[in-house]
Amino acid sequence: CATVLARIARDSWKRFGDKEDAVIFAQAMEQQDYQQLEQLDPYLVVYNQVIAELKKMSAPPQLAVLHLEYLNLVSAQADTIRKMRFAEQDPINALVGAQQYIAIQERFKAILRDFRIQYQKSRVK
């Protein structure tokens, strides 16, 4: 399960290279060029694809709770990107999304660590 999650993440986001969604948002806001936010649309498509893959994936009982939490984090992350994408129409909501994005990134680090620990304890593949 942990290795499958790593593969999904790697394969899904590799087409964007080093261009992070949060950086696109930050640059658009800094330059007040809201057209740059259209670059987030392909990211939202990938988020939806990843969510669909995660929903189809079965997780061993030992990892089911972590899998569900990971799925919920990906969904929440997609929501933050949607908020940032429409910053021109709702700048306050976009800033809330940006703050949530940061908090979710920290939780992602923690859950991936938890996956590794649980995986090593149970030797689940």
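What counts and how
Residues numbered from 1 in each chain as written. Predicted model: local features only at pLDDT ≥ 70, side-chain atom pairs only at ≥ 80, totals over all residues. Heavy atoms only, no water. Phe/Tyr/Trp six-rings, centres within 6.5 Å; stacked < 30°, edge-to-face > 60°. Helix = DSSP H or I, 4+ residues; strand = E, 2+ residues; numbered from the N terminus. Buried < 20%, exposed > 50% of the residue type's maximum accessible area, 1.4 Å probe, protein only. Core = buried A, V, L, I, M, F, W, Y, C linked by side-chain atoms within 4.5 Å. Contact = heavy atoms within 4.5 Å. pLDDT = per-residue confidence, 0-100. Polar contact = N/O pair within 3.5 Å; in protein donor to acceptor, adjacent residues only side chain to side chain.

**Some thoughts on the packing of aromatic side chains**
Under the counting rule described, the total for this entry stands at 3 aromatic pairs. Look at Tyr70 and Phe108: their rings are 5.5 Å apart centre to centre, the planes differ by 70°, and that puts the pair in the edge-to-face class. Of this pair, Tyr70 sits in helix α4 (residues 64-85) while Phe108 sits in helix α5 (residues 91-122), and the two are 38 residues apart along the sequence. On the basis of relative accessibility, which here comes to 9%, the residue Tyr70 falls in the buried class. Grouped by ring-pair contacts, the aromatic residues Tyr70, Phe108 and Phe115 constitute a single cluster.

**Topic: the nonpolar core**
Counting residues in each nonpolar core, the largest one holds 33 residues, and the members touching the most others are Leu54, Tyr70 and Val74. Put simply, the parts of the chain that give this core at least two residues each are α1 (2-13), α2 (21-31), α3 (41-56), α4 and α5. With 8 residues, α4 is the single largest residue contributor to this core. Ignoring anything within four residues of it in the chain, the contact list for Tyr70 reads Leu5, Ala9, Leu54, Phe108, Ile111, Leu112 and Phe115.

**As for the confidence of the model for the protein**
Scored by pLDDT, the protein has a mean of 89; 94% of the residues are at 70 or more. Put simply, α1 is where the protein has its lowest mean pLDDT, 72, and α2 is where it has its highest, 95.

**Side note on the side chain of Asp21**
Mapped onto the fold, Asp21 is located in helix α2. Engagement of the side chain of Asp21 in a polar contact is seen with the side chain of Tyr101, the distance being 2.6 Å. If near-sequence neighbours (up to four positions away) are discounted, Asp21 is found in contact with Leu40, Tyr43, Tyr47, Ile81 and Tyr101.

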